[in-house]
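Spelled out, the chains give:
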Amino acid sequence: MQTQARVERIKTKPIDCLHFIDGKYVPSKNGKTFTNINPATEQIMGTVAEGGKEEIDLAVAAAKRAFEGSWRRMPAGERARIIRRIGDIILERKDELAALESFDTGKPYGLASNIDIPRAAYNFHFFADYMASVGTEAYQMDDVALNYAIRRPLGVVGLINPWNLPLLLMTWKLAPCLAAGNTAVLKPAEWTPMTATLLGEICKEAGVPNGVVNIVHGFGPDSAGAALTEHPDVSAISFTGETTTGKHIMTAAAKTLKRLSYELGGKNPNIIFADADLDEVIETTIKSSFINQGEVCLCGSRIYVERALYDAFVEKFTAKTKELIVGDPLDPNTTVGTLISEEHYRRVRSYVELAVEEGGVIETGGKRPEHLSVGYYLEPTIITGLANDCRVVQEEIFGPVVTILPFDREEEVIKQANDTHYGLSATIWTNDLRRAHRVAAQIEAGIIWVNTWFLRDLRTPFGGMKQSGIGREGGMHSFEFYSELSNVCIKL
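Residues numbered from 1 in each chain as written. Predicted model: local features only at pLDDT ≥ 70, side-chain atom pairs only at ≥ 80, totals over all residues. Heavy atoms only, no water.

Under an unreviewed UniProt entry, the name given to the chain is Putative 5-carboxymethyl-2-hydroxymuconate semialdehyde dehydrogenase, and the source organism is Aneurinibacillus aneurinilyticus ATCC 12856. Looking at the chain in UniProt, the text filed under Sequence similarities (unreviewed entry) is "Belongs to the aldehyde dehydrogenase family." (UniProt positions renumbered as here; feature names shortened; annotations may be inferred.)

Have a look at this one:
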């Protein structure tokens, strides 16, 4: 049941979602809409305009006009001021945005308020500051010639965003895209449209010219997503989401040779050596396993524990997991909310059933909490007894489900950790400095944490290897993607 005090405190109501094109909120040309479902109540919150090729064409045309107008020629200091102001307004409207994010995703309101929304604001603040330090390169060829590079924006960029961290990840793309002087067409995930819708209003209030930021709601294949990836006037696509969808986008984008940046799925190893501080490991591993209902691409869902520590870890980790509170996302005591949809709930539950078929032992969880009859809730789930080649260990589940496997030797766990199609992130726990460096150098992942998790410096490269992505984001890496370099050679 919802906590009355929490319900009374949150005044924000769900909103209907229109497209935001050329500085105005507009419905679909054909009037089509789809319903937006609250995953915690299974009730309809409102309607969402269902866009397609026609809306994408209008949005791209508006973005192209805006790009050819004042935005790309705006002095960098003025553009930085506007980008910083977007972040300021996000913080001013933090409670409203956090509520909408919680309604849409089913994540705890406190999580959205303390992490998602402040980080969304910081994305704009960071790139507003960082863009002042971006330079190029120059090379002198003795006394024969001087070479220097000119950096210029790409043009219209398509940004396709996931549903698990909707505003955080959308702003992680939009901020550097705007800082580099591009215009954008955003396609939010259909399950989480509300904070994206509000972002259009926020950008306009901050002084972003009409057409620079456009938002089209809709679905992927044969709809808005496909139209965006295939559009000849879109210069690049940045996509965060599931690996299979990424493959479809790559096929569609190939027709016009678009530049691509992908941050895709993960099945991330969490490697725990026996010399690690068990209490510190448990505290962080609870977060890296179950934060945001496990719906985070960086979650460490494959836990490998050195055998000398294995029994103690399983016992203590299981006990701490049982203390997590699954419930109403608006309740301040809730630590685990709902999964995003009925479809996803059934998919995650199918993996729990598969684990039993594969010989696994459910140490805790694996079912709907008894006190919650409505909503897509699943207890945090710990599975032991599986081999490394089992599907539950190998495939991305994207829910509050982790597996724990013992290991005996360093070489063994490195091989197991790398035995996957994914390569997004990894965590290593050890107090042996040499081992930490040695193991980190051999793990096939784009982001490797040692004795921590989810600690991010936005200047550093972010992205995955293998089927976890293409390219890197963050700091200069973002500017490299969102801009083009021309070399000028002057004969002396």
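(A) The arrangement of the overall build of the chain in detail. Of the regular secondary structure elements, the chain holds 16 helices and 22 strands. Relative to the globule expectation of 23 Å for 492 residues, the C-alpha radius of gyration of the chain, 23 Å, shows essentially globular dimensions. Overall size of the chain, expressed as C-alpha extent along the three principal axes, is 70 × 60 × 40 Å. Every one of the 492 residues in the chain was classed for burial, and the buried ones make up 59%. (Helix = DSSP H or I, 4+ residues; strand = E, 2+ residues; numbered from the N terminus. Rg over C-alpha atoms; globule rule 2.2 N^0.38 Å. Buried < 20%, exposed > 50% of the residue type's maximum accessible area, 1.4 Å probe, protein only.)

(B) A look at the sheet that holds strand β18 (residues 425–429). As summarised here, the arrangement of the seven strands in space is β14-β15-β16-β13-β12-β18-β19, forming an open sheet in which the pairing is mixed. Because the sheet does not close on itself, it has two edges, and the strands there are β14 (361–364) and β19 (447–450). On average, each strand axis in the sheet is tilted by 25° relative to the strand beside it, whichever way the strands run. With five bridges connecting them, strand β13 (residues 302–306) and strand β16 (residues 401–407) associate as parallel partners. Within β16, the residue paired with Tyr304 across the bridge is Leu405. (Pairing = 2+ DSSP bridges. Axes fitted to C-alpha atoms, helices over the stretch in contact; angles between N-to-C directions.)

(C) Geometry of the sheet that holds strand β6 (residues 145–153). Overall, antiparallel pairing links the three strands, which are arranged β5-β6-β22 in an open sheet. In this open sheet, the two edge strands, each paired with only one partner strand, are β5 (138–141) and β22 (483–491). Between one strand axis and the next, the sheet turns through 20° on average, direction left out of account. Direction of pairing for β6 relative to β22: antiparallel, over a ladder of nine bridges. Residue pairing for β22: Pro153 is matched across the bridge by Ser483. Running over the sheet, helix α16 (residues 475–482) touches β6 and β22 and is turned about 80° from β22. (Contact = heavy atoms within 4.5 Å.)

(D) Representation of the side chain of His344 within the structure. Along the polypeptide, His344 turns up in helix α12 (residues 342–357). Once you skip the residues sitting within four places of it in the chain, His344 turns out to touch Trp163, Glu295, Leu339, Ile397 and Phe398.

(E) Examining unusual backbone geometry more closely. Look at Asn292: it is not a glycine, yet its phi comes out positive at around 60°. With respect to the element layout, Asn292 can be found in the loop between α10 (278–290) and β13. Even without glycine at this site, Phe398 takes up a positive phi of about 60°. Residue classification places Phe398 among the buried positions, given a relative accessible area of 16%.

(F) Just the UniProt feature "domain: Aldehyde dehydrogenase" (unreviewed entry) in the chain, in detail. When the UniProt feature table is mapped onto this chain, "domain: Aldehyde dehydrogenase" (unreviewed entry) is found at residues 26–487. End-to-end, the C-alpha atoms of residues 26–487 are 42 Å apart, and along that stretch the chain is 41% helix and 20% strand.

(G) Representation of the environment of Glu306 in the model. For Glu306, the location among the structural elements is in strand β13. By relative accessible area, which is 17% here, Glu306 ends up buried. Those residues within four positions of Glu306 in sequence are excluded, and the remaining contacts are Ile272, Phe273, Ala274, Phe407 and Asp408.

(H) The nonpolar core, seen in detail. Counting 78 residues, the largest nonpolar core has Ile86, Ile90, Leu174, Leu186, Leu199 and Leu298 as the members making the most contacts within it. For this core, the two domains that each supply at least three residues are domain 1 (19–264 + 468–491) and domain 2 (269–450). Not counting residues within four places of it along the chain, the set of residues in contact with Ile86 comprises Phe124, Leu178, Leu199, Ile202, Cys203, Ala206 and Val208. One finds Val348, Val352, Ala355 and Val439 within the second-largest nonpolar core, a separate group that totals 29 residues. (Core = buried A, V, L, I, M, F, W, Y, C linked by side-chain atoms within 4.5 Å. Domains from an automatic or database assignment.)

(I) Molecular detail of helix α5 (residues 109–130). Helix length check: α5, at 22 residues, gives a terminal C-alpha distance of 30 Å against a target of 32 Å (1.5 Å per residue), a fit within 8%. Bending of α5 peaks at approximately 25° at the position of Arg119. In terms of residue burial, α5 counts as a mostly covered element, since 16 of its 22 residues are buried. (Expected span 1.5 Å × (residues − 1). Bend = angle between axes of the 7 residues up to and from the residue.)

(J) Representation of the pairing of β19. Of the two faces of β19, only the one carrying Ile447 and Trp449 is buried; Ile448 and Val450 on the other face are not. What joins β18 to β19 is helix α15 (residues 433–440), and the crossover it makes is right-handed. (Right-handed = clockwise from strand over helix to strand, strands pointing away.)

(K) Layout of the packing of aromatic side chains. Under the criterion given, the structure shown has 18 aromatic pairs. Aromatic pair Tyr130 and Phe479: ring centres 6.0 Å apart, planes at 35°, arrangement tilted. A residue pair is termed long-range when its members are at least 10 positions apart, and Tyr130 in helix α5 and Phe479 in helix α16 qualify at 349 residues. Every member of this aromatic cluster is reached through a ring pair, and the members are Tyr122, Phe126, Phe127, Tyr130, Trp172, Phe462 and Phe479. Taking the ring centre of Trp172 as reference, the NZ or CZ of Arg119 above it sits at 5.1 Å. (Phe/Tyr/Trp six-rings, centres within 6.5 Å; stacked < 30°, edge-to-face > 60°. Lys NZ or Arg CZ within 6 Å of the ring centre and 35° of its normal.)

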